[in-house]
Amino acid sequence: MSPREPDHDVTALLRQWQQGDASALGRLLPIVYDELRRVARARLRAERPGHTLQATALVHEAYLRLTGPGGASPHTRTQLFAMAARLMREILVDHARKKHARKRGGDITIVALDEAVAEPRQSPVDVLALD
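Scope of this entry: the structure provided in the associated data block. Just so it is clear, the structure is predicted and the values come from calculations on it, not from any experiment. Each residue is numbered by its place in its chain's sequence as written, counting from 1. Two thresholds apply to this predicted model, a pLDDT of at least 70 for residue-level local features and 80 or more for giving and counting side-chain atom pairs, whereas whole-chain, interface and lining totals are computed over all residues. Side-chain figures throughout are based on the complete set of non-hydrogen atoms in the structure, without hydrogens or water.

Quick look at the overall build of the chain
The helix and strand labels rest on DSSP assignments: H or I over at least four residues marks a helix, E over at least two residues marks a strand, and numbering proceeds from the N terminus. The helix and strand tally for the chain stands at six helices and zero strands. Looking at the chain residue by residue over its 131 residues, the buried ones come to 25%. Every residue pair with non-hydrogen atoms within 4.5 Å of one another is taken to be in contact. Partitioning the contacts of the chain with sequence separation of at least 6, the portion at a separation of at least 24 is 60%. A total accessible area of about 9500 Å² is found for the chain, and carbon and sulfur atoms account for 55% of it. Burial status follows relative accessibility: with a 1.4 Å probe on protein chains alone, a residue under 20% of its type maximum counts as buried, one over 50% as exposed, and anything between as partly exposed. Throughout, the Shrake-Rupley method with a 1.4 Å probe supplies accessible areas, and for residues the shown protein chains are the sole cover considered.

Section: helix α3 (residues 55-67)
Given 3.6 residues per turn, any residue in an α-helix points the same way as the ones three and four places further on. Here, expected helix span is obtained from the residue count minus one, scaled by 1.5 Å. An ideal rise of 1.5 Å per residue puts 18 Å on 13 residues; α3 measures up with 18 Å between its terminal C-alpha atoms. By the burial criterion, the buried members of α3 are Ala-55, Leu-58, Val-59, Ala-62 and Leu-66. Down the axis of α3, the smallest arc covering the buried residues is 100°, so these residues share one side. Arc definition: directions from the helix axis to the C-beta atoms.

Considering helix α2 (residues 22-45)
Compared with an ideal rise of 1.5 Å per residue, which puts 24 residues at 34 Å, α2 spans 33 Å between its outermost C-alpha atoms and is within 8% of the ideal. The bend at a residue is defined as the angle formed between two axes, one fitted to the seven residues ending at that residue and one fitted to the seven starting there. Where α2 bends most, the angle comes to about 50°, and this point is Val-32.

As for the nonpolar core
Joining through side-chain atoms within 4.5 Å is the link that ties buried Ala, Val, Leu, Ile, Met, Phe, Trp, Tyr and Cys residues into a set, and such a set is a nonpolar core. One finds Val-10, Leu-28, Val-32, Leu-36, Leu-58, Leu-80 and Met-88 to be the most contacted residues of the largest nonpolar core, which totals 26 residues. Elements with a minimum of two residues in this core: α1 (7-18), α2, α3 and α4 (77-103). Setting aside chain neighbours within four positions, we find Leu-36 in contact with Val-59, Phe-81, Ala-84 and Met-88.

A few points about the pattern of salt bridges
Here, a salt bridge means any Lys or Arg side-chain nitrogen found within 4 Å of an Asp or Glu carboxyl oxygen. What the rule picks out here adds up to five salt bridges. Among the salt bridges present, the one from Glu-61 reaches Arg-65, with a minimum N-O distance of 3.3 Å. On the criterion of helical spacing, the pair formed by Glu-61 and Arg-65 is a turn pair, its members being four residues apart in helix α3. Residues joined in a network through salt bridges with shared partners are Glu-61, Arg-65 and Asp-94.

A word on the environment of Gly-71
Along the chain, Gly-71 turns up in the loop between α3 and α4. With a relative accessible area of 25%, Gly-71 lands in the partly exposed category. Separated by 12 residues in sequence, Gly-71 and Met-83 have C-alpha atoms that sit 10.0 Å apart. Ignoring any residue separated from it by four or fewer positions in sequence, one finds Gly-71 in contact with Arg-65 and Leu-66.

Looking at the side chain of Thr-11
Looking at where Thr-11 falls in the secondary structure, it is placed in helix α1. Classification of Thr-11 as buried rests on a relative accessible area of 14%. Residues in contact with Thr-11, not counting those within four places in the same chain, are His-75, Thr-76 and Arg-77.

A look at the packing of α2 against α3
At a minimum axis distance of 9 Å, the contact between α2 and α3 shows a crossing angle of 125°. When the interaxial angle is binned, α2 and α3 end up oblique. Considering the relative orientation of α2 and α3, their crossing is right-handed. Contact with α2, carried on its side by Leu-25, Leu-29, Tyr-33, Leu-36, Arg-37, Ala-40, Arg-41, Arg-43 and Leu-44, involves Ala-55, Thr-56, Leu-58, Val-59, His-60, Tyr-63 and Thr-67 of α3 and no other residues of that element. Angles shown run from 0 to 180 degrees and are taken between the N-to-C directions of axes, each axis being a line fitted to C-alpha atoms and, for helices, limited to the stretch in contact. For classification, angles of less than 35 degrees are called roughly parallel, those exceeding 145 degrees roughly antiparallel, those between 65 and 115 degrees roughly perpendicular, and all remaining angles oblique. It is the rotation of the near helix from the far one that decides the hand of a crossing: anticlockwise by less than a right angle makes it left-handed, clockwise makes it right-handed.

Next up, the structure:
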């Protein structure tokens with residue numbers, strides 16, 4: 001197959017994959033990979049400068065979510081790219097939330113202070129008897 005297959009070939013491979021042909025997914029990825037990277041680069045251009053995620057990592061994470069357990073089932077090339085773009089956006093949002101939480105101390109473990117540790121229980125001192 002050439003790197004640029006017609007839409008119906010992508011749709012046919014999606015259908016074969018959904019019908020249980022695992023090799024169809026292996027044939028599909030090289031066809032759509034470059035376009036998925038273009039989508040990822042476009043998503044990253046909308047992010048702040050110096051973003052720590054790269055287009056390749058974004059494509060791979062979206063691929064894992066799309067093909068993993070509970071992943072979506074696109075039926076056409078258009079659905080595939082729409083779902084991938086949505087997943088990439090969700091990945092970027094999750095990444096930003098985690099980074100923001102860490103920046104605000106979100107990765108610090110909060111430990112409840114026990115009353116026994118907070119204020120030691122001692123019998124009150126009788127100041128007059130002490131005198």
